[in-house]
Amino acid sequence: MNADPFVAHRSLLFTVAYEMLGSAADAEDVLQDSWLRWADVDQAQVSDPRAYLVRVVTRQALNRMRTLSRRREDYVGEWLPEPLLTSPDVAEDVELAESVSIAMLTVLETLGPTERAVFVLREVFDMPYGEIAEAVGKSAAAVRQTARRAREHVAARRPRVEVSRSEQQAVVERFLAALRTGRVQELLEVMAPDVVLIADGGGIANAVRVPVRGAELVANALARPDRVVSTVILNGAPAGRTEVDGRVAAVSFVVENGRIVRIYAMANPRKLTRLDEPAELTR
């Protein structure tokens, strides 16, 4: 069984699907559909199983993305990606960690399906344009143009200030320590004045349905003395897991100049099923 290329490349295929969809549950569905198609193929005729399987997964993910775009139009409140508990190995691969960060996945949501697929395959997995063209059903020239537009789109929206892992860790730890006490002043000291809080409750969990802007408003929204807080690694970066009255949330951050500038709080319980065992992500 371990000789099967699908099994050998499963972590890669899951990562491709997850980066295209922002949802582990949908990525698993894509892998299941792709496995069924792979099982029907004469594998002896496939010269490059890895490239072939990436193409299959990409096509299935594109189909899924078009379905999801209609579903997300009816989503209650803000839609955020599904957070994943990740191992230290993911954090050590800086490019992979950035590509699967909640901040980046949120930016990728603003791309069209084909643009997102091209961006992910080219910028994250460094696939040749010819292979990407086969995967998305476009010419290589069209893929080059799409890749350029997608890069410009993402560059204009992604966090612009890079911080070291140690600085990110220190700032997040300060924030989570303040969150444990529920003291507004301590929270204010670690957040930028124009910090933004985006929460996703999906209409199931109690969460603000529009972004909250400004340090005082965010601090007042988050400050609770009975909140249980722990530090975790989510999507390759230091993050928080919180619990109030049995309700769990995952909290991810963007840090600039030593302060928190953006907070993503995922509280929809349907998106919190991957917080107990690290996901296997690879390039």
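Shown above is the structure to which this text applies.
Keep in mind that this is a model prediction, so the values were computed, not measured.

Calculation rules
Residues numbered from 1 in each chain as written. Predicted model: local features only at pLDDT ≥ 70, side-chain atom pairs only at ≥ 80, totals over all residues. Heavy atoms only, no water. Helix = DSSP H or I, 4+ residues; strand = E, 2+ residues; numbered from the N terminus. Expected span 1.5 Å × (residues − 1). Buried < 20%, exposed > 50% of the residue type's maximum accessible area, 1.4 Å probe, protein only. Arc of directions from axis to C-beta. Core = buried A, V, L, I, M, F, W, Y, C linked by side-chain atoms within 4.5 Å. Contact = heavy atoms within 4.5 Å. Axes fitted to C-alpha atoms, helices over the stretch in contact; angles between N-to-C directions. Parallel < 35°, antiparallel > 145°, perpendicular 65-115°, else oblique. Nonpolar A, V, L, I, M, F, W, Y, C, P; charged D, E, K, R; others polar. Pairing = 2+ DSSP bridges.

Looking at helix α11 (residues 165-181)
The end-to-end C-alpha separation of α11 is 25 Å, in line with the 24 Å expected for 17 residues at 1.5 Å each. All buried positions along α11 are accounted for by Gln168, Val171, Val172, Phe175, Leu176, Ala178 and Leu179. Looking straight down α11, one finds its buried side chains confined to an arc of 160°; they lie on one side. Phi for Gly182, located one or two positions after α11, is positive at around 75°.

Thoughts on the environment of Phe253
Examined against the element boundaries, Phe253 turns out to sit in strand β5 (residues 247-256). In this structure Phe253 comes out as buried when scored by relative accessible area, which is 6%. Taking C-alpha positions, Phe253 is 9.6 Å from Val171, a pair spaced 82 residues apart along the chain.

What about the nonpolar core?
Taken as a class, soluble globular proteins show a tendency for nonpolar side chains to be buried jointly. Residues Phe14, Met20 and Leu108 are the most contacted members of the largest nonpolar core, which totals 50 residues. Of all the elements, helix α2 (residues 10-21) adds the most residues to this core, at eight residues. Setting aside anything within four residues of it in sequence, one finds Phe14 in contact with Ala24, Ala27, Glu28, Leu31, Leu84, Arg274, Glu280 and Leu281. Counting residues in each nonpolar core, the second largest holds 24 residues, with Val171, Val190, Met191 and Val251 among its members.

Quick notes on the packing of helix α8 (residues 113-124) against helix α10 (residues 140-157)
Contact geometry for α8 and α10: axes closest at 9 Å, N-to-C directions at 90°. Taken together, the axes of α8 and α10 lie roughly perpendicular to each other. Listed contacts from α10 to Thr114, Glu115, Val118, Phe119 and Glu123 of α8 are Val143, Thr146, Ala147, Arg149, Ala150, Arg151 and Val154. Classifying every residue of the contact of α8 with α10 by side-chain character gives six nonpolar, two polar and four charged.

Thoughts on the pairing of strand β6 (residues 259-266)
Taken across its eight residues, β6 has six buried, putting it largely inside the fold. One ladder, built from six bridges, connects strand β1 (residues 191-200) with β6; its direction is parallel. What sits directly across from Val196, in β6, is Arg262. Where β5 meets β6, seven bridges bridge the pair, whose relative direction is antiparallel. Counted as the bridge partner of Glu256 is Arg259 from β6.

Focus on the sheet that holds β6
Taken in spatial order, the six strands of this open sheet run β2-β1-β6-β5-β4-β3, and their pairing is mixed. Two strands in the sheet have a free side with no partner beyond their single neighbour: β2 (212-213) and β3 (228-234). Two strands pair when backbone bridges link them, and β3 and strand β4 (residues 237-244) are joined in this way by seven bridges, in the antiparallel orientation. Note on β4: the bridge partner recorded for Val228 is Glu243.

Note that every value here comes from positions in space, so none of it alone points to a role or purpose.
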